[in-house]
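This is what each chain is made of:
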Amino acid sequence: MPIKTEPMTVNIGPQHPSTHGVFRLRVTFDGEEILEVEPIFGYLHRGTEKLAEERNYTQIVTLTDRLDYVSSMINNQAYCLAVEELLGVEVPQRAKYLRTLTAELQRVASHLMGIGFFLQDLGTLGTPLMYAFRSRERILDLFEMLCGARITVSYMRPGGVFFDAPDDFWPALDQFLKDFDAEYKEIEQLILENEIVMVRTRGVSLLPLDLAINASVSGPVLRASGSDWDWRKMDPYDAYDRMEFDVPVATGGDNYDRFWVRIQEIHQSIRMVKQCIQQIEPGPTRADVPLILRPPAGAEAYGRVEASKGELAFYLVADGGISPYRCKVRSPSLINLTVTEHLLVGWKLADMIVTLGSLDINMGEVDR
Amino acid sequence: MALQQLTGEDLAEKVAAGVPESVDGMVDGALRVKSQKIADVANFMKSDSGLDFNFLNSISAVDYIDHFEVVYHLTSLNKRHTAIVKTRLVGRDDLTLPSVYHLWRGADFQEREIWDLMGISFSGHPNMKRIMLWEGFEGHPLRKDYL
């Protein structure tokens, strides 16, 4: 006699180690197979956009740190580009290079965390994560030398950067780059082409290119599906127009490709850091801007960067006062989650955790 | 090939020919269209081979007290150009805009967010409910009159 079964609905989260923050998935299972998925979020909603309307333009930099808190440098950069567009300020060359350099170091740190947690989700119990964190710690130490903070850096300001790098920063950066080559090779040898990783991730949770574009997916997730769209190439900001780099593209759109694109992007970021060190010249690090900024009434700006998660943009509207009238954040993590249902339905419970890891979301940015 | 920003002037004639009586003027390099025509204009801008806007960057809403403005940032990944389309909704109660969900799936969470925080609902969206706040929350906190 056949055993009678029925679908079961389970809440994964909001408190669950694999969801990388307070994120809930309401999933209906048939045995181990996923029938329905509904992502539910908002648990970390702090009203950043409303808070920004109450603070002056310089203070908002500290709010942007707390969006995607593992890549705060890049958040600072997107916001500062938007304010500079409002004001029509030209940033000094040295500041442009310092921004590009720190943004690329931050991308390395963020991708290392993405890779580490992706492998953690596969069930590697910490070892690769610690390998990734070893190098990430060194980058955070470098940030500490620049601005005194490791996570919530607030290093960039509208018009440039807050401080020039101290003299002992440059030898420390050289030493880091030297060590990183060996450390990263070790990570790559452990995980790239690793048979268990390949079997668990190849061909799982496919994202076709047309759906990726239609769902406004951006960043490594889009490039893993076969598009070469990268805002650093398409609409260069800061010093990216003088950087030589390739955009890694994969065509499979599966979990492995999303993971592979991040691994390759780290190589390109390190390449850009080295070019910044060669090209940077002495000079001022901040444009001559007043302490309290007052962009003209009616001015609007859309400051956009290629963040580690995808297209991050700030849409600012000024009313002539000291705070923006509206500060909208286009958050890549939130919009990349649009495809969760497509990616998960039909796959198994264990794949669900890995697929979420491959999207590399950050709840600070999803909920804002 | 560098990215090209199409201004309202570049777009107005084409859009007016494609969707009659939709254009409402031009502001700061953006095209302004009538609110009830927004889905038709979006459909035209996506399907017209010369414009080909296949990527919706973001949808933002701004509260100007006597009216709301909804701003669409669009990009064509094939033609490598961008555009900004704006529309106005006068009043503060029962605001509805045609949804662009069926053209760009990327509008899903953004339209829900605008309903949640700004109180503009989108007709034709299959799952129009709050996203950041919980069901039963009173008011729309990003509005200027919410204290």
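Up top you'll find the structure we're talking about.
Residues numbered from 1 in each chain as written. Chains lettered and ligands numbered in written order. Predicted model: local features only at pLDDT ≥ 70, side-chain atom pairs only at ≥ 80, totals over all residues.

## Here's the deal with helix H1 (residues 8-18) of chain B
All names here are of chain B. For the record, the criterion: Three exposure classes are used, all based on how many other C-beta atoms lie within 10 Å of a residue's own C-beta (placed from the backbone): buried at 20 or more, exposed at 12 or fewer, and partly exposed between those limits. A run of H or I in DSSP counts as a helix once it spans at least four residues, and a run of E counts as a strand once it spans at least two, with each numbered from the N terminus. This arc is built from the directions going out from the helix axis to the C-beta atoms. Residue pairs qualify as contacts under a 7 Å threshold applied to their C-beta atoms, which are placed from the backbone.
Within H1, burial applies to Gly 8, Leu 11 and Val 15. The buried residues of H1 all sit within an arc of 70° when viewed along its axis, so they share a single face. Set apart from the buried face of H1 by more than 90 degrees, the exposed residues are Glu 9, Glu 13 and Ala 17. Its buried side turned inward, H1 meets strand E2 (23-27), strand E3 (30-33), helix H2 (38-47) and strand E6 (81-90).

## Digging into the packing of helix H4 (residues 93-122) of chain A against helix H11 (residues 255-279) of chain A
All names here are of chain A. The test is simple: All axes here are fitted lines through C-alpha atoms, helices being fitted over the stretch that makes contact, and every angle between N-to-C directions spans 0 to 180 degrees. We call two directions roughly parallel when the angle between them is under 35 degrees, roughly antiparallel when it is over 145, roughly perpendicular when it lies between 65 and 115, and oblique otherwise. Each crossing is labelled by how the near helix is turned from the far one, with a counterclockwise turn of less than a right angle marking it left-handed and a clockwise turn marking it right-handed.
It is the contact of H4 with H11, at a shortest axis distance of 9 Å, that shows an interaxial angle of 155°. Between H4 and H11, the angle falls in the class roughly antiparallel. The crossing of H4 and H11 is left-handed. Contacts between H4 and H11 involve Tyr 97, Thr 100, Leu 101, Glu 104, Leu 105, Arg 107, Val 108, His 111, Gly 114, Ile 115 and Phe 118 from the first element and Phe 259, Arg 262, Ile 263, Glu 265, Ile 266, Ser 269, Ile 270, Met 272, Val 273, Cys 276 and Gln 279 from the second.

## Some words on the sheet that holds strand E7 (residues 311-317) of chain A
Residue and element names in this part refer to chain A. Stated precisely, the cut-off is as follows: Should DSSP find at least two bridges between two strands, the strands are regarded as paired.
In space, the 3 strands of this open sheet follow the order E6-E7-E8, with antiparallel pairing throughout. Of all strands in the sheet, those with a lone pairing partner are strand E6 (300-306) and strand E8 (326-330), marking the two edges. With direction set aside, neighbouring strand axes in the sheet form an average angle of 10°. One ladder, built from 5 bridges, connects E7 with E8; its direction is antiparallel. Within E8, the residue paired with Leu 316 across the bridge is Cys 327. Running over the sheet, helix H3 (residues 72-87) touches E6 and E7 and is turned about 150° from E6.

## Side note on the sheet that holds strand E2 (residues 24-30) of chain A
All names here are of chain A. Strand order in the open sheet formed by 3 strands is E1-E2-E3, and the pairing between neighbours is antiparallel. Two strands close off the open sheet at either side, each with one partner strand: strand E1 (8-12) and strand E3 (33-40). Adjacent strand axes in the sheet meet at a mean angle of 20°, parallel and antiparallel pairs treated alike. Two strands pair when backbone bridges link them, and E1 and E2 are joined in this way by 5 bridges, in the antiparallel orientation. Bridging from a neighbouring strand, Val 10 pairs with Val 27 of E2.

## Some remarks on the environment of Ile 335 of chain A
Mapped onto the elements, Ile 335 of chain A comes out in helix H12 (residues 332-336). The class for Ile 335 of chain A is buried, based on 27 C-beta atoms found within 10 Å. Put simply, Ile 335 of chain A and Val 217 of chain A are 118 residues apart on the chain and 6.4 Å apart in space, counted from C-alpha to C-alpha. With residues near it in sequence (within four places) discarded, Ile 335 of chain A still touches Ser 216 of chain A together with Gly 106 and Phe 109 of chain B.

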